[in-house]
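Topology and contacts: notes
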Protein chains: 2
Amino acid sequence: MPVFAPPIADHLFILYDLLDFEGHAKLPGFEHCSRDVIEAVLEQSSRFSSEVLYPLHRSGDEEGVHFDDGKVTTAKGFKDAYARLVEGGWPALTADPDHGGQGMPHMVNVLFEEMINGANLSFGLFPGLTRGAYVAIAQHGTDAQKALYAPKLASGEWAGSMCLTEAHCGTDLGLLKTQALPKGDGSYSITGTKIFISAGEHDLTENIVYLVLARLPDAPKGSKGISLFLVPKVLVKDDGSLGARNGVSCGSIEHKMGIHACPTCVMNFDGATGWLMGEPNHGLKAMFAMMNTERIAVGIHGLAIAEASYQNAVAYARERLQGRAPSGPREATKPADPIIVHPDVRRMLMTQRALTEGCRMLALWTAQALDVSERHDDQGERKTADDMVALMTPVVKAFLTDCGVEVANLGIQVLGGHGFIRANGQEQYLRDVRITPIYEGTNGVQAMDLVGRKILHLDLFGSFAKPVQGFIARLEGDERLAEFLEPLAASYDLLEDATRLIRERSGLLPEEAGANAVDYMRLFALTAVAYLFARAAQVSLPKGNADFHRAKLTTARYFMQRILPDTASLHAKIVAGAGPVMEMDERLF
Amino acid sequence: MPVFAPPIADHLFILYDLLDFEGHAKLPGFEHCSRDVIEAVLEQSSRFSSEVLYPLHRSGDEEGVHFDDGKVTTAKGFKDAYARLVEGGWPALTADPDHGGQGMPHMVNVLFEEMINGANLSFGLFPGLTRGAYVAIAQHGTDAQKALYAPKLASGEWAGSMCLTEAHCGTDLGLLKTQALPKGDGSYSITGTKIFISAGEHDLTENIVYLVLARLPDAPKGSKGISLFLVPKVLVKDDGSLGARNGVSCGSIEHKMGIHACPTCVMNFDGATGWLMGEPNHGLKAMFAMMNTERIAVGIHGLAIAEASYQNAVAYARERLQGRAPSGPREATKPADPIIVHPDVRRMLMTQRALTEGCRMLALWTAQALDVSERHDDQGERKTADDMVALMTPVVKAFLTDCGVEVANLGIQVLGGHGFIRANGQEQYLRDVRITPIYEGTNGVQAMDLVGRKILHLDLFGSFAKPVQGFIARLEGDERLAEFLEPLAASYDLLEDATRLIRERSGLLPEEAGANAVDYMRLFALTAVAYLFARAAQVSLPKGNADFHRAKLTTARYFMQRILPDTASLHAKIVAGAGPVMEMDERLF
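Residues numbered from 1 in each chain as written. Chains lettered and ligands numbered in written order. Predicted model: local features only at pLDDT ≥ 70, side-chain atom pairs only at ≥ 80, totals over all residues. Heavy atoms only, no water.

**What to know about the overall build of chain A**
In terms of helices and strands, chain A carries 20 helices and 11 strands. Scaling as 2.2 N^0.38, a compact globule of 589 residues should have a C-alpha radius of gyration of about 25 Å, and chain A matches this with 24 Å. Along the first, second and third principal axes, the C-alpha atoms of chain A reach 80 × 60 × 60 Å. Here chain A, with 589 residues, has 66% of them falling under the buried criterion. Here the contacts in chain A between residues at least 6 apart in sequence split such that 74% fall between residues at least 24 apart. Summed over all atoms, the accessible surface of chain A reaches about 19,700 Å², with 51% contributed by carbon and sulfur. Taken as two groups, the 56 positive and 72 negative side-chain charges of chain A have centres that lie 3 Å from each other. (Helix = DSSP H or I, 4+ residues; strand = E, 2+ residues; numbered from the N terminus. Rg over C-alpha atoms; globule rule 2.2 N^0.38 Å. Buried < 20%, exposed > 50% of the residue type's maximum accessible area, 1.4 Å probe, protein only. Contact = heavy atoms within 4.5 Å. Areas by Shrake-Rupley, 256 points an atom, 1.4 Å probe, with all protein chains shown as cover. Lys, Arg positive; Asp, Glu negative; His and termini not counted. Charge placed at Lys NZ, Arg CZ, Asp CG, Glu CD.)

**Things to note about the interface of chain A and chain B**
Each side of the interface is counted separately: chain A has 93 residues, and chain B has 92 residues. When residues of chain A are sorted by the area they lose upon contact with chain B, Phe420(A), Arg562(A) and Phe589(A) head the list and together hold 11% of the total. Taken together, the links from chain A to chain B amount to 14 salt bridges. Asp585(A) serves as the salt-bridge partner of Arg550(B), at 3.8 Å between the closest nitrogen and oxygen. Where chain A touches chain B, the interface holds 54 residue pairs in polar contact (both at pLDDT 80 or more). Per-element tally for the side of chain A that touches chain B: the top contributor is helix 18 (residues 547–563) of chain A, with 10 residues. (Buried area = accessible area lost by both parts, 1.4 Å probe. Salt bridge = Lys/Arg side-chain N within 4 Å of Asp/Glu carboxyl O. Polar contact = N/O pair within 3.5 Å; in protein donor to acceptor, adjacent residues only side chain to side chain.)

**Concerning the relation of the copies chain A and chain B**
Here chain A sits on chain B after a turn of 180 degrees about the axis and a move of 0.0 Å along it, with an RMSD of 0.0 Å. Such a combination of turn and shift is consistent with a two-fold rotation axis. In terms of proximity to the rotation axis, the leading residue of chain A is Ser569(A), whose C-alpha is 2.9 Å off the axis. Both copies present the same face, since 99% of the interface residues in chain A are matched by interface residues at the equivalent positions in chain B. (Least-squares fit on C-alpha atoms with pLDDT ≥ 70 in both.)

**Description of the packing of helix 10 (residues 291–319) of chain A against helix 11 (residues 343–375) of chain A**
All names here are of chain A. The geometry of helix 10 relative to helix 11 is characterised by a closest axis approach of 9 Å and an angle of 155 degrees between their N-to-C directions. If you check the angle between helix 10 and helix 11, you find them roughly antiparallel. Regarding helix 10 and helix 11, the two cross each other, and that crossing is left-handed. The residues of helix 11 that touch helix 10, namely those facing Thr293, Ile296, Ile300, Leu303, Ala306, Glu307, Ser309, Tyr310, Ala313, Val314 and Ala317, are Val345, Leu349, Gln352, Arg353, Thr356, Cys359, Arg360, Ala363, Thr366 and Leu370. Counted by class, the contact of helix 10 with helix 11 contains 13 nonpolar, 5 polar and 3 charged residues. (Axes fitted to C-alpha atoms, helices over the stretch in contact; angles between N-to-C directions. Parallel < 35°, antiparallel > 145°, perpendicular 65-115°, else oblique. Left-handed = near helix turned anticlockwise from the far one by under 90°. Nonpolar A, V, L, I, M, F, W, Y, C, P; charged D, E, K, R; others polar.)

**Here we look at the domain arrangement of chain A**
Where the parts come together, the accessible area they lose is often given as the size of the interface. Residue and element names in this part refer to chain A. Domain assignment breaks chain A into domain 1 (8–155), domain 2 (160–283) and domain 3 (443–581). For domain 1 versus domain 3, the separation of C-alpha centres amounts to 31 Å. Taken together, the contact pairs 6 residues of domain 1 with 9 residues of domain 3. Carbon and sulfur atoms supply 70% of the area that domain 1 and domain 3 bury against each other, a total of about 590 Å² over both sides. Of all residues in domain 1, Phe13, Asp17 and Leu18 bury the most surface against domain 3, accounting for 74% of the area lost on that side. In this assembly, domain 1 and domain 3 are joined by 1 salt bridge. A salt bridge links aspartate 10 to lysine 552, with the shortest nitrogen-to-oxygen separation between them at 2.6 Å. Across the contact surface, domain 1 and domain 3 share 2 residue pairs in polar contact (both at pLDDT 80 or more). (Domains from an automatic or database assignment.)

**Examining the pairing of strand 9 (residues 242–245) of chain B**
Residue and element names in this part refer to chain B. With 2 bridges connecting them, strand 8 (residues 234–236) and strand 9 associate as antiparallel partners. Following the sheet pairing, valine 234 is matched in strand 9 by arginine 245. Counted along the chain from strand 8 to the antiparallel partner strand 9, the turn is 5 residues long, and its residue glycine 240 has a positive phi close to 90 degrees. (Pairing = 2+ DSSP bridges.)

**Brief notes about the pairing of strand 6 (residues 208–214) of chain B**
Of all 7 residues making up strand 6 of chain B, 7 are buried, and the element is well covered by its neighbours. Neither face of strand 6 of chain B is exposed, since Ile208(B), Tyr210(B), Val212(B) and Ala214(B) on one face and Val209(B), Leu211(B) and Leu213(B) on the opposite face are all buried.

**Details of the packing of aromatic side chains**
Residues and elements named next belong to chain B. Under the criterion given, the structure shown has 38 aromatic pairs over all chains. Ring geometry for phenylalanine 461 versus tyrosine 492: centroids 6.3 Å apart, planes at 15 degrees, classification stacked. A residue pair is termed long-range when its members are at least 10 positions apart, and phenylalanine 461 in helix 15 (residues 461–475) and tyrosine 492 in helix 16 (residues 482–506) qualify at 31 residues. Take phenylalanine 461: its relative accessible area is 7%, and that puts it in the buried class. (Phe/Tyr/Trp six-rings, centres within 6.5 Å; stacked < 30°, edge-to-face > 60°.)

**Quick look at helix 3 (residues 35–53) of chain A**
All names here are of chain A. The first and last C-alpha atoms of helix 3 sit 26 Å apart over 19 residues, in line with the 27 Å expected at 1.5 Å per residue. Every buried residue of helix 3 is accounted for by Ile38, Val41, Leu42, Ser45, Ser46, Phe48, Ser49, Val52 and Leu53. Where helix 3 is buried, its residues meet helix 1 (8–18), helix 2 (21–24), helix 4 (57–63), helix 5 (78–87), helix 6 (106–119) and helix 7 (121–140). (Expected span 1.5 Å × (residues − 1).)

**Examining unusual backbone geometry**
Residue and element names in this part refer to chain A. Of note, the phi angle at aspartate 20 is positive, near 50 degrees, even though the residue is not glycine. As for its placement among the helices and strands, aspartate 20 is situated in the loop between helix 1 and helix 2. In this model, asparagine 281 sits at a positive phi of 70 degrees, which is unusual for a non-glycine residue. Its place among the elements puts asparagine 281 in the loop between strand 11 (264–277) and helix 9 (283–289).

**Quick notes on the environment of Arg324(B)**
Residue and element names in this part refer to chain B. Examined against the element boundaries, arginine 324 turns out to sit in the loop between helix 10 (291–319) and helix 11 (343–375). We classify arginine 324 as partly exposed; its relative accessible area is 30%. Separated by 14 residues in the primary sequence, arginine 324 and proline 338 have C-alpha atoms spaced 8.0 Å apart. In contact with arginine 324, other than residues within four places in its own chain, are Pro329, Glu331, Ala332, Lys334, Pro335, Ala336, Asp337, Val341 and His342. There is a polar contact of 3.0 Å between the side chain of arginine 324 and the backbone oxygen of glutamate 331. Of the polar contacts made by the side chain of arginine 324, one reaches the backbone oxygen of proline 335; its length is 3.4 Å.

**Looking at the environment of Asp36(B)**
Relative to the assigned elements, Asp36(B) resides in helix 3 (residues 35–53). Classification of Asp36(B) as exposed rests on a relative accessible area of 62%.

**Focus: the packing of helix 17 (residues 512–540) of chain B against helix 18 (residues 547–563) of chain B**
For any two helices packed against each other, the geometry comes down to the angle between their axes and how far apart the axes lie. Residue and element names in this part refer to chain B. Packing of helix 17 against helix 18 brings their axes to within 9 Å, and their N-to-C directions diverge by 150 degrees. On the basis of the axis angle, helix 17 is roughly antiparallel to helix 18. The way helix 17 lies across helix 18 gives a crossing that is left-handed. Here Leu526, Val529, Ala530, Phe533, Ala534, Ala536, Ala537 and Ser540 of helix 17 lie close against helix 18, whose contacting residues are His549, Lys552, Leu553, Thr555, Ala556, Phe559, Met560 and Ile563. In terms of residue class, the contact of helix 17 with helix 18 is built from 12 nonpolar, 3 polar and 1 charged.

**Considerations on the side chain of His260(B)**
Residue and element names in this part refer to chain B. You can see histidine 260 is positioned in the loop between strand 10 (248–253) and strand 11 (264–277). Within the local environment of histidine 260, its side chain forms a polar contact with the backbone oxygen of methionine 257, the two atoms lying 3.3 Å apart. Apart from the residues within four sequence positions on either side, histidine 260 is in contact with Gly60, Asp61, Gly64, Val65, Ser122, Arg422, Arg431 and Asp432.

**Remarks on the environment of Ala536(A)**
All names here are of chain A. Relative to the helices and strands, alanine 536 resides in helix 17 (residues 512–540). Note: C-alpha distance between alanine 536 and glycine 358 (178 residues apart in sequence) is 10 Å. Ignoring anything within four residues of it in the chain, the contact list for alanine 536 reads Phe13, Leu18, Met361 and Lys552.

Below you can see the structure in the form of structure tokens.
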């Protein structure tokens, strides 16, 4: 019964009608991205996701991964599917052509990642982490490191994995203890234990490249004494062939709520040989340099599962016969009407739909800026786009993953008791997506990054304010757009006021930013989605007779009238401020 | 690491300080409920829950239940724990003394059920369903049925189970097909298949009494042709001893998201012998007569898990060292501060706490009315209380279970990556509690019961309005209470206006009630909790120096300032109405 079919019509609408991908493809390096090529990429990745990865979604959840004396075996079918992924060239989609990549825009990668993770999040994590390792090496590796590792990671022949967390440090990486001792030959001996390492060990590839945070012997305490190392599972000879096994091993795997088919490993580095990447003691900077793409990618995990949950909820709501429509029988010859006639079921489906489409626009809009920040030939344009990316990245990560949880939760409810049954698939979406507001920096940390760093410290609010204010000013008085513009303008005013309030108060009370960060983040994200829905409405209004555009306008209206009002209460909570959050004596909890 | 300790101080505060249990115990039949007795009951059920049931919570989840050729074996320790439950007389807590029960008030039962379900929801379902079957027989059974079954169910020697749902009918029971043919000797032959039957088969008791909805041969179609039957697993001889096995068997058990240690069964009735309970064709009425207590009980499941999740989140937040307080190191000698210093962690803990305490007050306030409706010697008082119960029951069921999901979700987030790991217990709370907004009528159905039946049809809004308006009017101008009264009054005005809007519009558009029901329910529940927190503040203000009362006032303040503002956006959504919910063409989803 479960279904999965990527919504390519919406993908193309956002790319071409909303965000002018024709113009975007004029950026240097994107000359090959004609509409024909992009449509072919989307069609093929849609087929790969739905035909190869989706069939392993439930079975992978049931089987999980096997751990036996350090060896991790993935679920049935994963190895073959991974081989087909590599064969199809998918891991190289955005990689540099110098490393054998296809040099596709981040915008296209967003849609590719939505598809593979929507089909199978556990599977999607393997190439996702590999891409992260590739990007880090491409950005920070020496020429020799790039030559040895980048093409193998770009192709997916080898996999990558990130080793940051230790038992006593997750968010607070300054506490980490893993040691790196220079061996005198330019390499380092890495010793320590890392936990929560996704895809830390598996049987999909013959080598795994770990990016490991560790301390040099003379390193300053705290986060300013952390360096980044490249540690291969199997040592690589100068000619690129594989040598001896390195001193790194998987000690155990976690038993967890979801993403059962992706191993979460305890990784023991026991004098493993590694090489420094980037500057000594600046490992966090190197790691965070690739965090923009990684955090957007995690946001996509939320979007991906939201879409999958929505599709399955709709399919069930069309088929399940129960009760009658409030206005009288819709299918009088059947024993009951399909539950999609019930207003409360529609409320749930429309909420799922509006949040999912909103998340998708937000991700693509941000990915567009990311492309511009990397590719535009004008430095000023790059800087403007880079500021936008810096501002929006935590919003994309946190809002999309929060929505993933909300939408998956609604998906269960639409199915009623059947939503609680494993075979029907909806409960797995909630179990799988529940990690996404946590990994790559919890959403609380994202919210603090937005408020503390991007708004208060770097003063980037203007990067969002400028296009939104411009849009509102340009279209004020447009009668047909008024139903979209007015709620947007009202929310924007609340956001601006909340920004002012937090700025004013944070100097007085250091807790003010943290106490309001999550509510502010949500207020910000809802306003950003309202802006994008208003733009979408502007595009769709003249085409409103076509089914797709009618549906888009209806969804935009639903968002404005039945979701966006949340901004009023978020603003009121921010007005209330940190006082009630901090008042409780610690002992009295 | 996981902890569980029932919050008896809050139990006693709500019973005695807020809701005058001393006065309540003057109701006929409660003469034995002195404060000493109540405190002893709470202490002992707290010990039983934390010492006997809580240790089986994680192990039961991991082991689940075993199904082998119709036989269901519960997880290790369950049988012994159940024997101790019976030995302690716990199932008989609220049962009629005529049936060997202790005749305790519903108010006390709420707290007992909070404890056992907070310790172990899977376990709590067994006595919970048994109690439901007991109540149905005590209310609707013939004298002979009562004599044979009521004492055995009251004591827990036999278990009970409810058999309503069939594959093609959950909410829409009018579609059910199970047949009951008169055998000519006063008994009936029951044939059909029921699904989603909690505790339908198990090894805890030697007999299980099923309450089964089925159709008589001449029954009208739809919900007006359903009768209620009593069907024992093992036939009972006239002398009360057990006879032959009846024609009912468990066909399979479901693999589901949570409550793994409670079997969810497919039950096959294959010419099983049963006896009519209540009037022919009026089975739904009989079943729903006991639904008030059942729905409140399910609400308690949500409250129970909220409390358990909160406790574990607090314990973790006190111990986990990570980062520094915004105002500077709190524990300078340690490598980092406990995360409870971080404003966003406090926001999550305070939200968990305020919702949990609010849910508890709401449940006890409603249970008080339920006691009055059954016990008061004045008919007018009984009627007033009965109206209040009818109005509040769907609110308790839906709001408490929604809060259970929200609070458990926050509990995971407080633990970060550790929240996703099974051994830490937090993820189980979300998996377990996720069924509660579904079973005993989905929360959408509850919301329609509130809006469609209780408000529009029965016009019961006044049952809530009267005490709240009276309270506000009485205390207006009280300066110390103003910070609680003003937000309450503002929310009440929004609720009153939303009630008026839905009333006015529902005549015009039949979808109006359904499209707004869930938002209205939430608006109603938040206002009701605000009323109870304002009353609690009134009690605690004069005692504000004592730790307990200071914490209560802080929590009440947090609720008013950082949760109650949601009423503004809920009202705005109701103002937007059914239009945007219903606009989408069905094909276009």
